[in-house]
Amino acid sequence: MKRTSTRLADGREIFYYDTDRGPAAGPAPVRTVPDPRPLGAAPAPTSEVRRDPLLGDAVVIASHRQGRTHLPPADDCPLCPSTAAHASEVPAADYEVAVFENRFPSLAGDTGRCEVICFTPDHLTSFAELDESRAALVLAAWTDRTAELAARAGVRQVYCFENRGAEIGVTLAHPHGQIYAFPFVTPRTTRMLATVAEHRARTGGNLFEEVLAAERAEGTRVVLEGEHWTAFVPYAARWPYEVHLHPHDRVPDLPALGDAARAELPGLYLELLRRFDRLFAVPGPTPYISAWHQAPIGEGREDFALHLELFTVRRTADKLKYLAGTESGMEAYMNDVRPEDAAARLREVASP
């Protein structure tokens, strides 16, 4: 992998990631095209982190984001490569994978950092349609950004994720994800850490390892199994179709993955995404959220397990799973699909 870093017109950083082509193919391009837009200095964000006094959860207040780009036409996409007629957030005329600081960040400065990762310059494709080489380059970019952001002062947790589909609330159609560097440990991770610590104190074992071992042994909810990874529908799945993907050798985060697990991941991940797209007989891709759970910086790393949580809000071809009164009001989830049935369906739609 080759990384080229430069800055946009308003001072934000942008990184281009290119495949290492080897001596025979020549060096990867150096993408240092200047940004011609008259943006001026990036405005100071007004984000603040407030703590819920009853729950203890951190909540980010980011009122400056109300004016962010919303569903632009394809010929005005800010994530496509720039052309003579349209200068975008990516000044280069072409790229493989690009990462840049979000122009409308929820977190910035003392409250963290938000980055956008563009998986491909092709506006009309999706992650599931990438080849393994490009998926591996995205994994390398996730890993590089995790390591660099985790080393920044004040960062407590790095979160790589993708929202896909208007049903999820996506405002830019171009295939992309986001990387958040939080100045706090997120509420979901805090709950996981507490449960895992209690289990360690009570039994001496690691709860992540025991859950993975139990799912592999029981088998009915296993969706996909490789030499180094297993994907399964969790026993108490919250979403109609929800899959957790774990490496067999527990590690705290993406930079800690071994070479064998890193090499196997792109193919398995692409297969999972393609199965999600075959779940329903409807035109267009399946909406989903794909979330990498990584250990916080400086705490809980000895017991945490890196894993992916992938789920869709679609429960049938023509029905969505809305978070209604019980879920939104009380965080008491009601799932319309048995996890065992969801796993069976995800096995049925395996690639030929």
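Because the structure is a prediction, the values reported are computed rather than measured. Every chain is numbered on its own, with residues counted from 1 as its sequence reads. Thresholds applied to this predicted model are a pLDDT of at least 70 for local features of residues and 80 or more for the giving and counting of side-chain atom pairs; totals over whole chains, interfaces and linings are not thresholded and use all residues. Side-chain measures here rest on the full set of heavy atoms in the structure, leaving out hydrogens and waters.

Student: Tell me about the sheet that holds strand β5 (residues 97-101), and please be specific about residues and values.
Tutor: Note on sheets: strands pair through backbone hydrogen bonds, and any given pair is parallel or antiparallel. Here, a strand pair is defined by DSSP locating no fewer than two bridges between the strands. Under the DSSP-based scheme used, a helix requires at least four consecutive residues in state H or I and a strand at least two consecutive residues in state E, with every element numbered from the N terminus. Reading across the sheet, the eleven strands line up as β1-β2-β5-β6-β8-β7-β12-β13-β11-β10-β9 and stay open at both edges, with antiparallel pairing between neighbours. Of all the strands in the sheet, the pair left with one neighbour each is β1 (2-7) and β9 (222-225). Neighbour-to-neighbour, the strand axes of this sheet turn through a mean angle of 20°, independent of strand direction. Direction of pairing for strand β6 (residues 113-118) relative to strand β8 (residues 176-182): antiparallel, over a ladder of six bridges. Of the residues in β8, the one forming a bridge with isoleucine 117 is glycine 177. To get an axis, fit a line to the C-alpha atoms, keeping to the stretch in contact for a helix; angles then go from 0 to 180 degrees between the N-to-C directions.

Student: Lay out unusual backbone geometry in plain terms, naming residues and giving numbers.
Tutor: The residue glutamate 331 is not glycine, and still its phi comes out positive at about 55°. Considering the arrangement of structural elements, one finds glutamate 331 in the loop between α6 (325-330) and α7 (339-348).

Student: I'd like a rundown of the packing of helix α3 (residues 187-203) against helix α4 (residues 207-218), residues and numbers included.
Tutor: Packing of α3 against α4 leaves a shortest axis separation of 9 Å and a crossing angle of 90°. In terms of orientation, α3 lies roughly perpendicular with respect to α4. Residues Met192, Thr195, Val196, His199 and Thr203 of α3 form the contact with α4, whose own contacting residues are Leu207, Phe208 and Glu210. Here the residues of the contact of α3 with α4 are counted per class, giving four nonpolar, three polar and one charged. Oblique is the label for any angle not under 35 degrees, not over 145, and not in the 65 to 115 range, which are roughly parallel, roughly antiparallel and roughly perpendicular in turn. The contact definition used throughout considers only heavy atoms, calling two residues in contact when any of these lie within 4.5 Å. Under the convention adopted here, Pro, Cys and the residues Ala, Val, Leu, Ile, Met, Phe, Trp and Tyr are nonpolar, Asp, Glu, Lys and Arg are charged, and Gly plus all remaining residues are polar.

Student: Tell me about the pattern of salt bridges, and name the residues and values.
Tutor: Each reported salt bridge corresponds to a side-chain nitrogen of Lys or Arg within 4 Å of a carboxyl oxygen of Asp or Glu. Enumeration over the complete set of coordinates arrives at 35 salt bridges. Glutamate 115 is paired through a salt bridge with arginine 145; the nearest N and O atoms lie 2.7 Å apart. On the criterion of sequence distance, the pair formed by glutamate 115 in strand β6 and arginine 145 in helix α2 (residues 132-150) is long-range, its members being 30 residues apart. Taken as a pair, glutamate 115 and arginine 145 share a single burial class, namely buried. When the shortest N-O distance is used, the salt bridge between arginine 250 and glutamate 209 registers 2.9 Å. Of this pair, arginine 250 sits in the loop between β11 (241-247) and α5 (259-277) while glutamate 209 sits in helix α4, placing them 41 residues apart in sequence. For the exposure calls, accessible area comes from a 1.4 Å probe over protein chains only, and a residue counts as buried if that area is under 20% of its type's maximum, exposed if over 50%, partly exposed in between. For glutamate 209, a relative accessible area of 41% corresponds to the partly exposed category. Taken together, the shared-partner salt bridges connect Arg3, Arg7, Glu13, Glu101, Arg113, Glu115, Asp144, Arg145 and Glu148 into one network.

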